[in-house]
There are 2 protein chains.
Amino acid sequence: MKILLVHAHPEPQSFCAALKSEALARLPGHGHEVRVSDLYEMNFDPVARDTDFGSRANPDYLVYALEQRHNQKAGTLKADIAAEVDKLLWCDLLLLNFPVFWFSMPAILKGWIDRVFVSGVCYGGLRFYDRGGLAGKKAMTTITIGGQRHMFGPDAVHGELETMLRPLLRGTLYYVGMEVLPPFVAWHVPYVSNEVRAGYLEDYRARLATLDDIEPLAFPSLDDFDEKLHPRRR
Amino acid sequence: MKILLVHAHPEPQSFCAALKSEALARLPGHGHEVRVSDLYEMNFDPVARDTDFGSRANPDYLVYALEQRHNQKAGTLKADIAAEVDKLLWCDLLLLNFPVFWFSMPAILKGWIDRVFVSGVCYGGLRFYDRGGLAGKKAMTTITIGGQRHMFGPDAVHGELETMLRPLLRGTLYYVGMEVLPPFVAWHVPYVSNEVRAGYLEDYRARLATLDDIEPLAFPSLDDFDEKLHPRRR
């Protein structure tokens, strides 16, 4: 597969960066081709704003998604966005590698999504979920988190991790049509021993070796909803 | 109440900005004092990074939360963060006013959380949820969203809105101990008529008039978990 690895950690020596390096070292050996967007290294600007657009469908009033569509077609997206859109369209698998900040992505990565998942290409109208614009691609998240494994689950203090990550897993990656693989999680990272970290890297190597075979998460199909998006009666 | 209104929309003429203006116009009449952080107007930098810290607990390796704690105590947080922390600690109610981007906040607001909800003050160790550092304060989100009301609910295409917003409502605002009021939602905003928008503003005025009386959302209490955060058997 062609894999785009998007990495977003402010400390180059972090364990999160070690997971990135592990992926870069191992994936080619499994027959994959990898490109990287290291957002902190790139000093990526995550703020969606009017200067993202070299031309305007409506110069007087900014509807961001509408201008994404217009500028993507016109070839006038700001260069930093256009370069990332190219990488996104190139890849078969999008690999997001980040530390969990507030049960979510660091802002630099959230803004990569805001600016790069352009309307018209990635979604639009009824083109979402299994009819999304990026259908046929896969996505996986590799995350480091301060919490411990037992803090997540049906009766656990934070509930299910996949519910906490729902706006990303379902509301973003699946929204644009990608098959979303279960997250790879390194738990309690700031507090664990080097042995435990080594174990995570070993687990990750096993995950990276079997990327093609992992069953994606199950999400609703638009087939179960009518053209106004009301649930179909069965 | 002392209210901090944080607004994050790139278009000053947006309906989201109209909701902000409505709050600014009405809240003083209900006896509230209001301060505003208009993040786009401030050109707020949302990226958490090493330059946020004027001194370092560990100059060789950045653990962002640890340096937040150290720099907050030392008074060496970057000025833009320190100013926002002061406003956050000043307020009785935090009002987040934003358009939903990817079932979540725009990156500029996500980064306001990343940088301003400083460890040590807002949370730390077992100080979270109903024992969070900001216990006693309230929070409310006022959001504009492209989707329609019937797209959210138990059997709806996107499931419950509050589940999609869980990392924010529970994982962030409740995490730091705030009572979280139900979101005020303006649905389908880019597509509705001026009459519908006027109706939203009217509903919002009613909401603003009764802020003191709104029942917060129910979330788990740490009383139901032991000191290792395993569920207590009853």
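Presented here is a report on the structure given in the accompanying data block. Source: prediction; values computed, not measured.

**Topic: the nonpolar core**
No. 1: Ranked by size, the top nonpolar core spans 162 residues in total, and within it Leu94(A), Trp112(A), Leu94(B) and Trp112(B) carry the most contacts.
No. 2: With residues up to four places along the chain from it excluded, the contact list for Leu94(A) reads Leu4(A), Val6(A), Leu88(A), Trp112(A), Phe117(A), Lys138(A), Ala139(A), Met140(A), Leu173(A) and Met178(A).

**Examining the pairing of strand 3 (residues 93-99) of chain B**
All names here are of chain B.
No. 1: Here strand 3 lies mainly inside the structure; 7 of its 7 residues are buried.
No. 2: Going residue by residue along strand 3, you find Leu-93, Leu-95, Asn-97 and Pro-99 tucked away on one face and Leu-94, Leu-96 and Phe-98 tucked away on the opposite face as well.
No. 3: The pairing of strand 1 (residues 2-7) with strand 3 spans 5 bridges and is classified as parallel. The residue of strand 3 that forms the bridge with His-7 is Asn-97.
No. 4: Between the parallel pair strand 3 and strand 4 (residues 138-144), the chain is carried across by helix 5 (residues 107-116), and the sense of this crossover is right-handed.

**What about the packing of aromatic side chains?**
No. 1: According to the stated counting rule, one finds 32 aromatic pairs over all chains in the structure shown.
No. 2: Plain terms: the ring middles of Trp112(B) and Phe117(B) are 6.0 Å apart, the flat faces sit at 65 degrees to each other, and that makes the pair edge-to-face.
No. 3: In this structure Phe117(B) comes out as buried when scored by relative accessible area, which is 0%.
No. 4: Site record: aromatic cluster; members linked through ring pairs are Trp102(A), Phe103(A), Phe152(A), Trp187(A), Trp112(B), Phe117(B), Tyr123(B), Phe128(B), Tyr129(B), Tyr174(B), Tyr175(B) and Phe219(B).
No. 5: Residue placement shows Arg35(B) over the ring face of Trp90(B); its charged tip is 5.3 Å from the ring centre.

**Some words on the pairing of strand 1 of chain B**
Residues and elements named next belong to chain B.
No. 1: Most of strand 1 sits out of view: 5 of its 6 residues are buried.
No. 2: Of the strand pairs in this sheet, strand 1 and strand 2 (residues 33-38) are connected by 6 bridges, and their pairing is parallel. Opposite Val-6, over in strand 2, you have Ser-37 as the bridge partner.
No. 3: For the segment spanning strand 1, helix 1 (residues 15-26) and strand 2, crossover handedness is right-handed.

**Quick notes on the side chain of Asp38(B)**
No. 1: Here Asp38(B) shows up in strand 2.
No. 2: Among the residues examined, Asp38(B) registers a relative accessible area of 12% and is labelled buried.

**Concerning the pattern of salt bridges**
All names here are of chain A.
No. 1: Enumeration according to the criterion identifies 20 salt bridges over all chains in this entry.
No. 2: A salt bridge links Lys-110 to Asp-114; its shortest N-O distance comes to 2.5 Å. Residue Lys-110 and its partner Asp-114 are located together in helix 5 (residues 107-116), separated by 4 residues, close to a single helical turn.
No. 3: Residue Lys-110 is classed as buried on the basis of its relative accessible area, which comes to 2%.
No. 4: Put simply, Glu-22, Arg-26 and Arg-205 are held in one network by salt bridges that share partners.

**Thoughts on the packing of helix 4 (residues 79-90) of chain A against helix 5 of chain A**
All names here are of chain A.
No. 1: Interhelical geometry of helix 4 versus helix 5 gives an angle of 85 degrees and a closest axis separation of 10 Å. Taken together, the axis directions place helix 4 and helix 5 in an arrangement best described as roughly perpendicular. Between helix 4 and helix 5, the residues in contact are Asp-80, Ile-81, Glu-84, Val-85 and Leu-88 and Trp-112, Arg-115 and Val-116, respectively.
No. 2: Looking at the contact of helix 4 with helix 5 residue by residue, the class counts come to 5 nonpolar, no polar and 3 charged.

**Topic: helix 1 of chain B**
Residue and element names in this part refer to chain B.
No. 1: The terminal C-alpha atoms of helix 1, which comprises 12 residues, lie 16 Å apart, in line with the 16 Å expected from a rise of 1.5 Å per residue.
No. 2: What helix 1 keeps buried is the set Phe-15, Cys-16, Ala-17, Leu-19, Lys-20, Glu-22 and Ala-23.
No. 3: In this fold, the buried residues of helix 1 make contact with strand 1, strand 2, strand 3, strand 4, strand 6 (184-186) and helix 8 (194-209).

**Some details on the environment of Trp90(A)**
Residues and elements named next belong to chain A.
No. 1: Among the structural elements, Trp-90 can be located in helix 4.
No. 2: For the pair formed by Trp-90 and Arg-35, sequence separation is 55 residues and the distance between their alpha carbons is 9.6 Å.
No. 3: Residues within four places of Trp-90 in sequence aside, it is in contact with Lys-2, Ile-3, Leu-4, Glu-33, Val-34, Arg-35 and Lys-137.

Conventions adopted
Residues numbered from 1 in each chain as written. Chains lettered and ligands numbered in written order. Predicted model: local features only at pLDDT ≥ 70, side-chain atom pairs only at ≥ 80, totals over all residues. Heavy atoms only, no water. Core = buried A, V, L, I, M, F, W, Y, C linked by side-chain atoms within 4.5 Å. Buried < 20%, exposed > 50% of the residue type's maximum accessible area, 1.4 Å probe, protein only. Contact = heavy atoms within 4.5 Å. Helix = DSSP H or I, 4+ residues; strand = E, 2+ residues; numbered from the N terminus. Pairing = 2+ DSSP bridges. Right-handed = clockwise from strand over helix to strand, strands pointing away. Phe/Tyr/Trp six-rings, centres within 6.5 Å; stacked < 30°, edge-to-face > 60°. Lys NZ or Arg CZ within 6 Å of the ring centre and 35° of its normal. Salt bridge = Lys/Arg side-chain N within 4 Å of Asp/Glu carboxyl O. Axes fitted to C-alpha atoms, helices over the stretch in contact; angles between N-to-C directions. Parallel < 35°, antiparallel > 145°, perpendicular 65-115°, else oblique. Nonpolar A, V, L, I, M, F, W, Y, C, P; charged D, E, K, R; others polar. Expected span 1.5 Å × (residues − 1).

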